[in-house]
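# Coordinates in review
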Amino acid sequence: HASPIEIRRFITLMAAMDRARDADRLWSNGVTLFRDHRWAFDPTQASRTGDLQEALKQTGVSQRHGDDSDAWCRLLRALSDAKSPAAVRMVIDSGQGDAIELLSSVTALDQQQRPWFPLLRGPKISVMWVRILVTSDTRVTISNLSALRVSVDTQVQKVTEYLGIADT
């Protein structure tokens, strides 16, 4: 049984990995990772183990193993670092947030000008992440949801524009 915080961490990390791959398989593999390597979702435990890259690879969560495991570690560090944007830490820790602040926070850079939240900062992924948090059963309350854009696949957007159905 996972706590609401563990589920929100799971959603955050899996959303960051959700790019250019079969989403159903990825999220299913994420469940396997959580079941077999629960430590990989804990900021203190995952940062101490050198086995993270292998666990992500073995379960099929990562495809670009070095980049994905590096981003995973940096995300976990950001979730436990008091210097990282508070909005993201607050939504994970307390389930409270503001959509505008969250979208702004995921694009923030650390002192070395590196993203605090790599792979989560894209315009499509970040919106998807906030929407999943809100619809999950983890007692999340996020204000200003009307500020979220509706994510549209590139091909759907092109067809919509070509047919003159909507001005995107």
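Residues numbered from 1 in each chain as written. Predicted model: local features only at pLDDT ≥ 70, side-chain atom pairs only at ≥ 80, totals over all residues. Heavy atoms only, no water.

### A short note on the overall build of the protein
Within the protein, the secondary structure is distributed over 9 helices and 2 strands. Order of helices (α) and strands (β) in the protein, N terminus to C terminus: α-α-α-α-α-α-β-α-α-β-α. Against the compact-globule benchmark of 15 Å for 168 residues, the protein has a radius of gyration of 16 Å, which places it among compact chains. C-alpha extents for the protein along the principal axes are approximately 55 × 35 × 30 Å. (Helix = DSSP H or I, 4+ residues; strand = E, 2+ residues; numbered from the N terminus. Rg over C-alpha atoms; globule rule 2.2 N^0.38 Å.)

### Things to note about the pattern of salt bridges
On inspection of all chains with the given rule, the structure shows 5 salt bridges. With its nearest N and O atoms 3.4 Å apart, the salt bridge here joins R74 to D70. In this pair, R74 and D70 both sit in helix 5 (residues 65-80), 4 residues apart, roughly one turn of the helix. A relative accessible area of 12% means that R74 is categorised as buried. Here the salt bridges share partners, and the residues they tie into one network are D70, R74 and R114. (Salt bridge = Lys/Arg side-chain N within 4 Å of Asp/Glu carboxyl O. Buried < 20%, exposed > 50% of the residue type's maximum accessible area, 1.4 Å probe, protein only.)

### With respect to the packing of helix 2 (residues 23-36) against helix 4 (residues 52-59)
Their axes nearest at 9 Å, the elements helix 2 and helix 4 cross at an angle of 135°. Looking at the two axes, helix 2 sits oblique to helix 4. With respect to the hand of their crossing, helix 2 and helix 4 are arranged in right-handed fashion. Across from N29, T32 and L33 in helix 2, the residues of helix 4 making contact are A55, L56 and T59. (Axes fitted to C-alpha atoms, helices over the stretch in contact; angles between N-to-C directions. Parallel < 35°, antiparallel > 145°, perpendicular 65-115°, else oblique. Left-handed = near helix turned anticlockwise from the far one by under 90°. Contact = heavy atoms within 4.5 Å.)

### Quick word on the nonpolar core
Core analysis: the biggest nonpolar cluster contains 42 residues, and W72, F117, L120 and W129 have the highest contact counts within it. For this core, the elements supplying multiple residues, two or more each, are helix 1 (4-17), helix 2, helix 4, helix 5, helix 6 (86-93), helix 7 (99-105) and helix 8 (123-135). Excluding residues within four positions of it along the chain, L120 makes contact with T12, A15, A16, L75, V106, I125, S126 and W129. (Core = buried A, V, L, I, M, F, W, Y, C linked by side-chain atoms within 4.5 Å.)

### Let's talk about the side chain of R9
Along the chain, R9 turns up in helix 1. The side chain of R9 is buried and forms no salt bridge, while D42, the nearest opposite charge, is found at 4.3 Å. For R9, the side chain forms a polar contact with the main-chain oxygen of F41, separated by 3.5 Å. For R9, the contacting residues outside a window of four places in its chain are F41, D42, P43, L76, L79 and I92. (Lys, Arg positive; Asp, Glu negative; His and termini not counted. Polar contact = N/O pair within 3.5 Å; in protein donor to acceptor, adjacent residues only side chain to side chain.)

### So, the layout of surface pockets
Reported here for the second largest pocket is a volume of approximately 160 Å³. Taken together, D70, R74, R77, A78, D81, D110, Q111, Q112, R114, P115 and W116 make up the lining of the second largest pocket. (1 Å grid on protein atoms, 1.4 Å probe; cavity = no way out; pocket = protein on both sides within 12 Å on 5 of 7 lines; lining within 4 Å. Points joined across faces, edges and corners; volume = space filled by probe spheres on them.)

By themselves, these figures tell us nothing about what the structure is for.
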